[in-house]
Amino acid sequence: AYRTLDAAGVRAYVANLAHLAERLGGTPATWQVREVSDGNLNMVFLAEGPAGGVCLKQALPHVRVDPSWKMPLDRTFFEAAYLREVFPHVPNLTTECLHFDPEQFILVVESLSGHKVLRTALMQGPVNPDIATRIGQFVARSTFATSLLAEPFEKVMNRRICFARNQTLTRITVDLILTDPYIPHPRNHWAEPELTPVVNALRANAPLRTRVDALRLHFLSNPQALLHGDLHTGSIMTTEDDTRVIDGEFATYGPIGFDAGLFIANVILSLFSSPSGQNSSLHINMINNFWQEFEKTFLTLWEAQNPPQDPATHYYSTALGPISQTHKQAFLNSILQDTIGFCGTEIVRRIIGYAHVADFSALPTPTHRAARKKAALQFATACLSPQTPIFSIQDFLDLLLKN
Ligand code: SR1
Ligand code: MG
């Protein structure tokens, strides 16, 4: 029967599994076990021995930060399934699933105890902008490999059937990111009264509401690729030269621009919350690096698919003949448009929705925080405005620099 583990339970659990105990080395009594839960949903422990460490994650029957919000346990199943799908394509950019327990809903991956959460690293000072290049690689490789551009439709559809069952967490995304902030809802909150008129204006903006409605429909009805589904800067662990994407429990099929948009939005939230006068070039470089690498890698992988394999046995979604560069560029442009839209919704929900980000707490006074959050909401409004002409990542960066 399922039971929630504490540190002592984790020690006994790991000691019982030879391949994990071997990774740690020494004897269980000498292992260091500590709880490092940080996200909203799960318990996380690090167990370390003389030879190495593991990270153990267990689902709770509720949201970790709100025990009254009950929740089924199956999210670790989807995280393990996501890792098994994408790890072969991005082995140096995520962690390997070392163990999954379908009764205790425990997932064990390698420990990243020498890494920092990217959000924390950004709050502490400048980071290496190549981190964003690596995330561009991650998004391009994980999405291309699981899309109809790379695989016969039978394989893709079977995977879609599996991840279509990740409905509890997809419901969270649909509600928390794509619905609640635009209506009065008890889960929304903001501390700064100065934001209320901005929120009212956002909700009264009919074209913006129509765009958000379209993005919600697009998220649910365009299964382009297997998404990470929650690719914010808290889902990335990094050192100067090694970057890993973690926490794929929100994995689902959807539009590729959703992963890209969430990553870019969180870099932008870091930019808007950095102390005034701080040079914006790091954040601009990060967004540019991310997009350039994503586009280049995605197109290179697509190029390698040409010419299509024998159409009699490989029912790819690609054309029977070579695909024109114009068609490929149009596909990438449509991902850019989705990216900008989902970026706007992520910024909005991180400021007025249920789950805020720590970034703004670095600002010294409530007045500073209100001013920067207001500016971020105004930028998000531009991202969600059908009137804003953005045809390239440069247009997007120009718009960002104007705000
Ligand atoms: C109740 S879960 C709230 C948020 O935390 C997760 O990390 C996701 O971002 C989700 O939207
Ligand atoms: Mg998470």
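Okay, so let's go over this structure. What you see is a predicted model; the values in this text were computed from it and never measured.

Glancing now at the pairing of strand β2 (residues 42–48). Walk down a regular strand and you will see the side chains alternate between the two sheet faces. β2 sits mainly inside the fold: 7 of its 7 residues count as buried. Because side chains alternate across β2, one face comprises the buried residues Asn42, Val44, Leu46 and Glu48, and the other comprises Met43, Phe45 and Ala47, equally buried. In terms of strand pairing, strand β1 (residues 32–35) meets β2 through 4 bridges, oriented antiparallel. What sits directly across from Val33, in β2, is Ala47. Taking the residues between adjacent antiparallel strands as the criterion, β2 and strand β3 (residues 53–59) are bridged by 4 residues.

Phe263, Ile268, Ile347 and Phe396 are the most contacted members of the largest nonpolar core, which totals 91 residues. Counting residues per element, this core draws most heavily on helix α10 (residues 256–272), at 12 residues. Counting contributing residues per domain, this core is built from domain 1 (7–110) and domain 2 (116–402), each supplying no fewer than three. The contact partners of Phe263, leaving out residues within four places of it in the chain, are Leu118, Ala132, Ile135, Leu231, Ile236 and Phe290. With 18 residues, the next largest nonpolar core counts Val10, Ala47, Val54 and Leu98 among its residues.

Moving on, we come to the sheet that holds strand β11 (residues 243–245). Within the open sheet, the 3 strands sit side by side as β8-β10-β11. Their pairing is antiparallel. Unpaired on one side and paired on the other, β8 (116–117) and β11 mark the two borders of the sheet. Two elements, strand β10 (residues 236–238) and β11, share 3 bridges in a ladder whose sense is antiparallel. Within the sheet, the bridge partner assigned to Thr238 lies in β11 and is Thr243. In the packing of helix α5 (residues 130–145) onto the sheet, the strands contacted are β10 and β11, and the crossing angle to β11 comes to about 40°.

The subject of this paragraph is the packing of aromatic side chains. For any pair of aromatic rings, the description rests on two quantities: the centre-to-centre distance and the angle between the ring planes. Overall, the coordinates contain 17 aromatic pairs when judged by the stated rule. When the centroid spacing of 5.0 Å and the interplanar angle of 85° are considered together, the rings of Phe77 and Phe78 count as edge-to-face. You can call Phe77 partly exposed: its relative accessible area is 34%. For the pair Phe272 and Phe379, a centre-to-centre distance of 6.2 Å together with 35° between the ring planes defines the contact as tilted. Remark: Phe379 occurs in helix α13 (residues 366–383) and Phe272 occurs in helix α10; sequence separation between them is 107 residues. Through pairs of rings, three or more aromatic residues link up here, namely Phe144, Phe263, Phe290, Trp291, Phe294, Phe298, Trp302 and Phe331.

Rules and cut-offs
Residues numbered from 1 in each chain as written. Chains lettered and ligands numbered in written order. Predicted model: local features only at pLDDT ≥ 70, side-chain atom pairs only at ≥ 80, totals over all residues. Heavy atoms only, no water. Buried < 20%, exposed > 50% of the residue type's maximum accessible area, 1.4 Å probe, protein only. Helix = DSSP H or I, 4+ residues; strand = E, 2+ residues; numbered from the N terminus. Pairing = 2+ DSSP bridges. Core = buried A, V, L, I, M, F, W, Y, C linked by side-chain atoms within 4.5 Å. Domains from an automatic or database assignment. Contact = heavy atoms within 4.5 Å. Axes fitted to C-alpha atoms, helices over the stretch in contact; angles between N-to-C directions. Phe/Tyr/Trp six-rings, centres within 6.5 Å; stacked < 30°, edge-to-face > 60°.

These figures come from the coordinates and say nothing about function on their own.
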